[in-house]
Amino acid sequence: MFVKNIMIPKHECFTAQENTSLKEALESLEKHQIDGLPVLSGDRYVGVATRYSIYESYFKSDKQKDQYLTSTYVKDIATHHDKFLEGGELFEKTLLDLKDFPLLAVVDANKNFLGVVTRSDVISSFESAFGVNRPGVRIAFTSVETEGRIARLSEIAHQFHEHIISLVTFDETDKLVRRIVMKIEKKDNIDRFTKKLEEHGFRILSIQEDL
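Being a predicted model, the structure only gives us computed values, none of them experimental.

Colleague: I'd like to hear about the pairing of strand β4 (residues 44–50), residue by residue, with values.
Modeller: Looking down a regular strand, the side chains alternate between one sheet face and the other. Most of β4 is tucked away: 5 of the 7 residues are buried. Inspection of the sheet shows strand β3 (residues 36–41) paired to β4 by 6 bridges, in the antiparallel sense. The partner of Leu 40 across the bridge, within β4, is Tyr 45. Linking β3 back to β4 in an antiparallel pair, the connection comprises 2 residues, with Gly 42 at a positive phi of about 70 degrees.

Below is the structure:
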């Protein structure tokens, strides 16, 4: 999945023009219950204003609160001027960038604002990959790293008419054993299914029902 697939498009974003006062920006952040506003000059991206950057700048200033909020503009405290996405990046690559920041802007080749990717959206995508929000049975197991193991796993699941909600693998290294977590819909054949897996060399680590 690419960044553009989870991007919130421009017309659905809350933004601030560069000469918006911090008072107006804070009101917008509060009203929409968001943590950051992309700052634009017309359609061109110039940075992001966050609650943190507003408060940090205030504590470093020598102005009274009301004066500071009405006489300072979002362009003065915006950060991430040169930190943005262009849409073609793999979405999982954004996780580290969004670890300590609420959103990243997506821009075109001319830095025209196209939309945003938020930390919440990325986390939701990972939750979807793990089937977090769907009830089922989560089976963790290991398998020797050989060609065709995932295909064999699928064949066994098909044989037992299992509905796979999610399938995630770990240990993408030079190790000979790979960990796999599969989530399936709850049925009355779990014992027979897992026994079949073990007969074909899959070592069961845990079985847990997610309600």
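From this point, the narrative continues.
Colleague: Tell me about the packing of aromatic side chains, residues and numbers included.
Modeller: Across all of its chains, the model carries 6 aromatic pairs by this definition. The ring of Phe 2 carries Lys 4 above its face, with NZ or CZ at 5.8 Å from the centroid. Taking the ring centre of Phe 202 as reference, the NZ or CZ of Arg 149 above it sits at 4.1 Å.

Colleague: Break down the sheet that holds β3 for me, with residues and values.
Modeller: Spatially, 3 strands are ordered β2-β3-β4 in an open sheet, and the strand pairing comes out mixed. Of all the strands in the sheet, just β2 (16–17) and β4 have a single pairing partner and so form its edges. Examined bridge by bridge, β2 and β3 share 2 bridges and lie parallel to one another. The residue bridging Ala 16 from the neighbouring strand is Val 39, located in β3.

Colleague: Explain helix α6 (residues 119–130) to me, using residue names and the numbers behind them.
Modeller: Between its first and last C-alpha, α6 extends 17 Å over 12 residues, near the 16 Å set by a 1.5 Å rise per residue. Of the residues flanking the end of α6, it is Gly 131, one or two places downstream, whose phi is positive at about 65 degrees.

Definitions and cut-offs
- Residues numbered from 1 in each chain as written.
- Predicted model: local features only at pLDDT ≥ 70, side-chain atom pairs only at ≥ 80, totals over all residues.
- Heavy atoms only, no water.
- Buried < 20%, exposed > 50% of the residue type's maximum accessible area, 1.4 Å probe, protein only.
- Helix = DSSP H or I, 4+ residues; strand = E, 2+ residues; numbered from the N terminus.
- Pairing = 2+ DSSP bridges.
- Phe/Tyr/Trp six-rings, centres within 6.5 Å; stacked < 30°, edge-to-face > 60°.
- Lys NZ or Arg CZ within 6 Å of the ring centre and 35° of its normal.
- Expected span 1.5 Å × (residues − 1).

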